[in-house]
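Structural overview for review
Given next are the chains, with one letter for each unit.
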Amino acid sequence: MFDNLTTRDSLLKNITDDTNKLASLSEVHASINIPEGAGFWKKLLAFTGPGLMVAVGYIDPGNWATDIEGGSRFGYTLLTVILVSNLFAMLLQHLALKLGIASGRDLAQACRDYYSKPVSFVLWILSEIAIAATDLAEVIGSAIALNLLFGLPLTVGIIFTSLDVLLVLYFQQKGFRIIESIVGALMGIILLSFMYEMIVSQPSVSGILGGLLPKTEIITNPGMLYIAIGILGATVMPHNLYLHSSIVQTRNFKRDEEGKKMAIKFATIDSTISLGLAFFINASILILAAAAFHQNGHREVADITDAYHLLDPLLGVSMAGIFFALALLASGQSSTLTGTLAGQIVMEGFLNIRLKPWIRRLITRAIAIIPALIVTTLYGEKGMAELLVFSQVILSLQLSFAVVPLVLFTANRKIMGNFANSGGITILSWVVTLIIILLNGYLLFRTLF
């Protein structure tokens, strides 16, 4: 399915001087200038933004349930899984940004260029399912946060999330840098919230350091292994690979060899630092659960709502739950912005169809809202929690269909030129890909059977 690269070289003519016409997110392509002759820090600041937009996808509400359950059941032990998952993410996002910069094509466009129409169509369908699952997690997370903060019924909260369509459309018209700034601000709210949680929960420093070291029981204990795979599946998001390969092209760097080399360097720094922040937040969720629940004998907490209600009495403070819910709301809303862009990138890239943003957003949000409303009406909070977990299983299924083409493309010199992966990076990428496929396959088997 993915071995047909060399037979489609004639399509390289699409990557020519009319790149701007076919560019990913053409309305903002090369719209952010890189200062000529500037120093390291000014250039890094100019490239900062895409990494943060990708990072919020790694801390969306879908991650919260697995992190909370892992911390409450097993203490700090699964911190090493979050660390390894984040290292996987850093590698894959580096490949994604490199593809976008070196080839001038995002991952969806590259799939359309080099695969047959039937294969490309199937990949498009799978990516749309992944984006719908991501949006479902955002809807559920935001609705739960609104319920916890303001007492809104879950069904009202779900409907209320549809209003963010108007916000996304408004800010898209203001320029790409505005969207990046909003996402950065929401990321800051999440960071500050969890810094507060770390202070008031007083976690064990030795427990944290010990949890960062791998332990054989993660593999030998079936319950621990299952949650560990869930953390991995919830961390590495397929839509982020499409997103990152596109939004790095918003920078107006020279499209020659030297310019691309410079862009890859700074975009990688931006991505790595941003994913480091995502690691801190994901780790903080698990650490908070370990310190507040596991150490106090509450070892079956796996629900976001239960966690919110238990935090204040267990920690003996009055604001822990509020900051927790505020961070959840910021997580859902920041992920909404990036999910919207990913949907636009995927549809334009695979099908070359450019719908008006409001139509595209309404379709995606309707797909998420309808099942959430049905499940909430019939089963209430418990059904919502189960639907949130189910959305992560769907994402796990789709991941390999984004990772495999990405690794193939970035190793191909006809596509990447001198920026093709080295032998060592290629081997490492395939090892990571194989691990992801095997673990996600096991997660699916355990979930269904």
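What you are looking at is a predicted structure, and each value in this text was computed from that prediction instead of being measured. (Residues numbered from 1 in each chain as written. Predicted model: local features only at pLDDT ≥ 70, side-chain atom pairs only at ≥ 80, totals over all residues. Heavy atoms only, no water.)

The helix and strand inventory of the protein stands at 20 helices and two strands. Computed over C-alpha atoms, the radius of gyration of the protein comes to 21 Å, within 12% of the 22 Å expected from 2.2 N^0.38 for 449 residues, which places it in the range of a compact globule. With respect to the three principal axes, the spread of C-alpha positions in the protein is 65 × 50 × 45 Å. Among the 449 residues that make up the protein, the fraction classed as buried is 59%. Considering only contacts in the protein between residues 6 or more positions apart, those separated by 24 or more positions represent 84%. Carbon and sulfur atoms make up 68% of the accessible area of the protein, which amounts to about 17600 Å² in all. Taking the average location of the 29 positive side-chain charges in the protein and that of its 29 negative ones, the two points are 9 Å from each other. (Helix = DSSP H or I, 4+ residues; strand = E, 2+ residues; numbered from the N terminus. Rg over C-alpha atoms; globule rule 2.2 N^0.38 Å. Buried < 20%, exposed > 50% of the residue type's maximum accessible area, 1.4 Å probe, protein only. Contact = heavy atoms within 4.5 Å. Areas by Shrake-Rupley, 256 points an atom, 1.4 Å probe, with all protein chains shown as cover. Lys, Arg positive; Asp, Glu negative; His and termini not counted. Charge placed at Lys NZ, Arg CZ, Asp CG, Glu CD.)

What follows concerns the packing of helix α4 (residues 61-74) against helix α17 (residues 320-351). Packing of α4 against α17 leaves a shortest axis separation of 9 Å and a crossing angle of 140°. Classed by the angle they form, the pair α4 and α17 counts as oblique. Of the residues in α17, those in contact with P61, W64 and I68 of α4 are F324, A327, L328, S331, G332 and S335. Partitioned by chemical class, the residues of the contact of α4 with α17 number six nonpolar, three polar and no charged. (Axes fitted to C-alpha atoms, helices over the stretch in contact; angles between N-to-C directions. Parallel < 35°, antiparallel > 145°, perpendicular 65-115°, else oblique. Nonpolar A, V, L, I, M, F, W, Y, C, P; charged D, E, K, R; others polar.)

The next thing to look at is the confidence of the model for the protein. Interpretation of the predicted coordinates at a detailed level should be avoided for regions scoring low in pLDDT. When the pLDDT values of the protein are averaged, the result is 85; 90% of them are 70 or greater. For residues 6-21, every residue scores under 50 in pLDDT, and the model assigns this stretch 20 contacts once sequence neighbours within four places are set aside. (pLDDT = per-residue confidence, 0-100.)

Further remarks concern the nonpolar core. Grouped together as the largest cluster of nonpolar side chains are 134 residues, with contacts concentrated most on L78, L107, F324 and F409. If you tally residues by element for this core, the top one is helix α15 (residues 257-292), at 17 residues. Ignoring any residue separated from it by four or fewer positions in sequence, one finds F324 in contact with W64, I68, E197, L288, I304, A307, Y308 and L311. Judged by nonpolar contacts, the second largest core, of five residues, contains A130, A133, I394 and L395. (Core = buried A, V, L, I, M, F, W, Y, C linked by side-chain atoms within 4.5 Å.)

In this section: helix α6 (residues 107-114). Given 3.6 residues per helical turn, the α-helix brings residues three or four places apart onto the same face. Of all the eight residues making up α6, seven are buried; the element is thus mostly covered by neighbouring parts of the structure. Within α6, the full set of buried residues consists of L107, A108, Q109, A110, C111, D113 and Y114.

You will see that L25, though not glycine, has its phi angle at about 50°, which is positive. Residue position: L25 is located in the loop between α1 (19-22) and β1 (32-33).

Another point: the pattern of salt bridges. For the structure on display, the rule yields four salt bridges. Salt-bridge contacts for D113 lead to R105; the nearest nitrogen and oxygen are separated by 2.9 Å. Using a relative accessible area of 2% as the deciding quantity, one classes D113 as buried. Judged by its relative accessible area of 3%, R105 falls in the buried class. The partner of R251 in a salt bridge is E180, with the nearest N and O atoms 2.7 Å apart. Of the two residues, R251 is situated in strand β2 (residues 251-252) and E180 in helix α10 (residues 176-201); the sequence distance between them amounts to 71 residues. Judged by its relative accessible area of 5%, E180 is buried. Through salt bridges that share partners, R177, E180 and R251 make up one connected network. (Salt bridge = Lys/Arg side-chain N within 4 Å of Asp/Glu carboxyl O.)

Together, F121, V122, I125 and I129 make up a nonpolar patch on the protein surface, roughly 320 Å² of accessible area in all. Relative to the helices and strands, I125 resides in helix α7 (residues 117-150). (Patch = residues over 30% accessible without salt bridge, like charges linked within 9 Å, V, L, I, M, F, W, Y side chains within 5 Å.)

Considering the arrangement of structural elements, one finds S429 in helix α20 (residues 423-448). Residues in contact with S429, not counting those within four places in the same chain, are L91, L95 and V407.

Turning to its location among the elements, R354 is positioned in the loop between α17 and α18 (357-410). Here R354 falls in the partly exposed class, since its relative accessible area comes to 33%.

The next subject is the side chain of K43. Here K43 shows up in helix α2 (residues 40-47). Buried and unpaired, K43 has E36 as its nearest opposite-charge partner, separated by 6.9 Å. The contacts of K43, once residues within four sequence positions are left out, are I34, P35, A38, M262 and F266.

Following both chains from N to C, one finds helix α5 (residues 79-103) and helix α14 (residues 238-247) inclined at 40°, their axes separated by 7 Å at the closest point. The orientation of α5 relative to α14 falls into the category oblique. Our pair here, α5 against α14, has a crossing hand that is right-handed. Here L92, Q93, A96, L97 and G100 of α5 lie close against α14, whose contacting residues are N240, L241, H244 and S245. Classifying every residue of the contact of α5 with α14 by side-chain character gives four nonpolar, five polar and no charged. (Left-handed = near helix turned anticlockwise from the far one by under 90°.)

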